[in-house]
Amino acid sequence: MNEQRVVRYGDRATRQYADQFCELFRRLIPANQQMSPTIILGHAADRRLADFSREGDPQPIDYSLYLAVQGDRVVGFLNLLTSVDRNYALIDYLGALPSTGGVSWTMLETAWHDHAKTLKSPFTLIFEIAPPVAESARSRAKARLFTEYARMRGLATRKAPIDYIQPDMDYKAMEGATELPADLYIASNPDALAAMTKLSYLRLVESIYFDGYVRTVGIDEDYMRYISRLYEKLRASNEDNPSPSNSG
């Protein structure tokens, strides 16, 4: 049986897996949730996103792509964005072939150990799940994985009590931009999670949109305007409405 290992993409030795990652990414991620895998590879090679802040104060974002390799074959991937300044890690993409057992868990463990000294306790771990968990068996499976992994690490998990929207990542087609409703799952220290307010979640979403999406897709004026309009729409909707149920 071929040995499984997890590598962080970026150096010359790992770039041999670029084509395999692209093929597996397109196979495992639904088409309406994909961004160009070559963009992911480019950021992963740099290992950080370009400095940018609307306030003019650069916030460093660590950008990681972990690949699970069995023999010479890529069988899974984990794309992670880590904000040291805002003290959170966002799981951007997670996928693995069904026959690989606990490879998703192994990639999460590798990422955890890599960033254990980067983030302060209590930090926040975030996972966007689209479509909403109530609508998809695939989404329910991802939510169970995330919740169980967090539990084993002593973290509490909560579905953010807001109506979350996953932005469109195709900034070249802004005229036809479409968004996906999604669930935003949060894991953190139980006391820290219990203390989060709706405003805390909205500030977190603001950082995901501007520090994550804008900088990943490309700091483009049209896309910035699109994200700004989308965030204001989401904020207005959630400020006007009572918090939805926290049930996952």
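Now for a look at the structure at hand. (Residues numbered from 1 in each chain as written. Predicted model: local features only at pLDDT ≥ 70, side-chain atom pairs only at ≥ 80, totals over all residues. Heavy atoms only, no water.)

Side note on the nonpolar core
Definition in use: As used in this record, nonpolar core signifies buried Ala, Val, Leu, Ile, Met, Phe, Trp, Tyr and Cys residues forming a set joined through side-chain atoms within 4.5 Å. For every residue, the accessible area obtained with a 1.4 Å probe (protein chains only) is divided by the maximum for its type, and the residue is called buried under 20%, exposed over 50%, and partly exposed between those limits. Helix and strand labels come from DSSP, where a helix needs a run of H or I of at least four residues and a strand needs a run of E of at least two; each type is numbered from the N terminus. The contact definition used throughout considers only heavy atoms, calling two residues in contact when any of these lie within 4.5 Å.
Ranked by size, the top nonpolar core spans 83 residues in total, and within it Leu-67, Phe-77 and Tyr-209 carry the most contacts. For this core, the element with the most residues is helix H6 (residues 198-217), which contributes 10 residues. Among all residues touching Tyr-209, those that are not within four sequence positions of it are Tyr-164, Ile-165, Pro-167, Val-214, Ile-227, Leu-230, Tyr-231 and Leu-234.

A short note on the pairing of strand S4 (residues 88-96)
This is how the line gets drawn: Two strands are said to pair when DSSP picks up at least two bridges between them.
Counting buried positions along S4 yields 8 of 9 residues, so the element is predominantly enclosed. The sheet contact formed by strand S3 (residues 73-83) and S4 spans 8 bridges and is antiparallel. In the strand pairing of S4, Gly-76 is matched with Ala-96. The antiparallel hairpin formed by S3 and S4 contains 4 residues in its connecting segment, where Asn-87 sits at a positive phi of about 60 degrees. The sheet contact formed by S4 and strand S5 (residues 124-129) spans 4 bridges and is parallel.

Here's the deal with the packing of aromatic side chains
Rule in force here: Note on aromatic contacts: the rings of Phe and Tyr and the six-membered ring of Trp form a pair at centre separations within 6.5 Å, being stacked when their planes are under 30 degrees apart, edge-to-face when over 60 apart, and tilted otherwise.
The tally for this structure, following the rule as stated, stands at 14 aromatic pairs. Ring geometry for Phe-21 and Phe-77: centres 5.4 Å apart, planes at 85 degrees, overall edge-to-face. Residue Phe-21 is found in helix H1 (residues 18-28), and its partner Phe-77 is found in strand S3; the two are separated by 56 residues along the sequence. Take Phe-77: its relative accessible area is 0%, and that puts it in the buried class. Ring geometry for Trp-105 against Tyr-149: centres 5.2 Å apart, planes inclined by 80 degrees, an arrangement best described as edge-to-face. One end of the pair, Trp-105, is in helix H3 (residues 103-115); the other, Tyr-149, is in helix H4 (residues 137-152), and 44 residues separate them in sequence. In this structure Tyr-149 comes out as buried when scored by relative accessible area, which is 3%. Among the aromatic residues, those joined into a cluster by ring pairs are Tyr-164, Tyr-209, Phe-210, Tyr-213 and Tyr-231.

Focus: H4
Our working definition: Under the convention used throughout, the expected extent of a helix is 1.5 Å for every residue step, that is, one less than its residue count. The reported arc concerns the directions from the helix axis to the C-beta atoms and nothing else. Polar contacts, as counted here, are pairs of nitrogen or oxygen atoms within 3.5 Å of one another; within protein the pair requires one atom able to donate a hydrogen and one able to accept it, and residues that are adjacent in sequence qualify only if both atoms are side-chain atoms.
Over its 16 residues, H4 runs 23 Å from end to end, which matches the ideal 22 Å to within 8%, given 1.5 Å per residue. The set of residues buried in H4 consists of Ser-139, Lys-142, Ala-143, Phe-146, Tyr-149 and Ala-150. Along the axis of H4, the buried positions cluster into a sector of 135 degrees, meaning they face one direction only. Residues of H4 that are exposed and angled more than 90 degrees away from the buried face: Arg-144, Arg-151 and Met-152. Here the buried face of H4 lies against S4, H3, S5, strand S6 (156-159) and strand S8 (180-188). The N-cap of H4, judged by a side-chain oxygen 3.2 Å from the amide nitrogen of Arg-138 a few residues on, is Ser-136. Just past H4, the residue Gly-154 takes up positive phi, approximately 80 degrees.

A look at the pattern of salt bridges
When the charged atoms of two side chains with opposite charge come close together, those side chains can pair. Rules: Salt bridges are defined as contacts in which a side-chain nitrogen from Lys or Arg sits within 4 Å of a carboxyl oxygen from Asp or Glu.
In total, this model carries 8 salt bridges according to the counting rule given. A salt bridge links Arg-151 to Glu-148; the shortest N-O distance between them is 2.7 Å. In this pair, Arg-151 and Glu-148 both sit in helix H4, 3 residues apart, roughly one turn of the helix. Put simply, Asp-222 and Arg-225 hold a salt bridge, and the shortest N to O gap is 2.4 Å. Taken together, the residues span about one helical turn, with Asp-222 and Arg-225 both in helix H7 (residues 221-240) at a distance of 3 residues. Salt bridges sharing partners connect three or more residues here, namely Arg-86, Asp-211 and Arg-215.

Quick look at unusual backbone geometry
In this chain, Ser-121 is followed by Pro-122 through a cis amide linkage whose omega measures 0 degrees. Cis geometry is adopted by the peptide bond preceding Pro-131, which originates at Ala-130 and carries an omega value of -5 degrees. For Pro-131, the position within the fold is in the loop between S5 and H4. In this structure, Arg-47 is a non-glycine residue whose phi angle is positive, near 70 degrees. Inspection of the secondary structure assignment puts Arg-47 in the loop between helix H2 (37-46) and strand S2 (61-70).

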